[in-house]
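Working through the structure, step by step
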Amino acid sequence: MSTITTTATTTEVPTVRPLTTRDADALIEAARRAAEGLGVRGTVTVVDAGGHLLGLRRDDDAVLISGETSNRKAFTALQLDAPTADLVDLVRPDGLFHTLPTALDRPLLFIAGGVPLHRDGRLVGAIGFGGGAPEQDHRIATAAAAEAELA
């Protein structure tokens, strides 16, 4: 009778700490400061890797639609793991993804202001800002992600 010996090898998969409500609070505060520096009133939204809301802050003087736009920008950045500012040309009538904005149950928004968040190179969530000009919204979201070291 022969005996077969096997050696089990295990590969440890590095775990990445998920985005937390504490992270969301820090991102919101960083976005608020960046927006204040630009004189912009708006709404900031933070979502986790599953697209679930972790935090939202709307300035008293923000335009009402900024809540919806910040949320959709964050969701879009998360789904495509790219800043929404980089995606605008892809949805033009001659763009590669021209039908994508309406292809899902939850519409995507291809306007600058959404930025994916990464920790140790892994996607952990996204931030969206709405209320200013698209370039301002992008600067605010990018500044918040950089300050929180989640860019």
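Quick note: structure is the one above.
Remember, predicted model here, so these are calculated numbers, not experimental data. (Residues numbered from 1 in each chain as written. Predicted model: local features only at pLDDT ≥ 70, side-chain atom pairs only at ≥ 80, totals over all residues. Heavy atoms only, no water.)

Two side chains with opposite charge may pair up if their charged atoms get near one another. Taken as a whole and judged by the stated rule, the model has 10 salt bridges. Glu36 serves as the salt-bridge partner of Arg32, at 3.1 Å between the closest nitrogen and oxygen. In this pair, Arg32 and Glu36 are both assigned in helix α1 (residues 21–38), 4 residues apart and thus about one turn of the helix distant. Judged by its relative accessible area of 24%, Arg32 falls in the partly exposed class. Three or more residues joined by partner-sharing salt bridges are found here, namely Glu29, Arg32, Arg33, Glu36 and Glu147. (Salt bridge = Lys/Arg side-chain N within 4 Å of Asp/Glu carboxyl O. Helix = DSSP H or I, 4+ residues; strand = E, 2+ residues; numbered from the N terminus. Buried < 20%, exposed > 50% of the residue type's maximum accessible area, 1.4 Å probe, protein only.)

What follows is about the environment of Ile111. Looking at where Ile111 falls in the secondary structure, it is placed in the loop between α2 (66–80) and β3 (114–119). Under the relative-accessibility criterion, Ile111 is labelled partly exposed at 34%. Between the C-alpha atoms of Ile111 and His138, which are 27 residues apart in sequence, the distance is 9.0 Å. Setting aside chain neighbours within four positions, we find Ile111 in contact with Lys73, Thr84, Val88 and Pro134. (Contact = heavy atoms within 4.5 Å.)

It is worth spelling out the sheet that holds strand β1 (residues 43–48) at this point. What links the strands of a sheet is backbone hydrogen bonding, and the strands pair in either a parallel or an antiparallel sense. Taken together, 4 strands build an open sheet; the order of strands is β2-β1-β4-β3 and the sheet is antiparallel. Here the strands that pair on one side only, and so sit at the sheet edges, are β2 (53–58) and β3. Each strand of the sheet is rotated relative to its neighbour by a mean of 15 degrees, with strand direction disregarded. In terms of strand pairing, β1 meets strand β4 (residues 122–130) through 6 bridges, oriented antiparallel. Counterpart to Val47 in the pairing with β4 is Ala126. Docked against the sheet, α2 engages β1, β2, β3 and β4, running at close to 155 degrees with respect to β4. (Pairing = 2+ DSSP bridges. Axes fitted to C-alpha atoms, helices over the stretch in contact; angles between N-to-C directions.)

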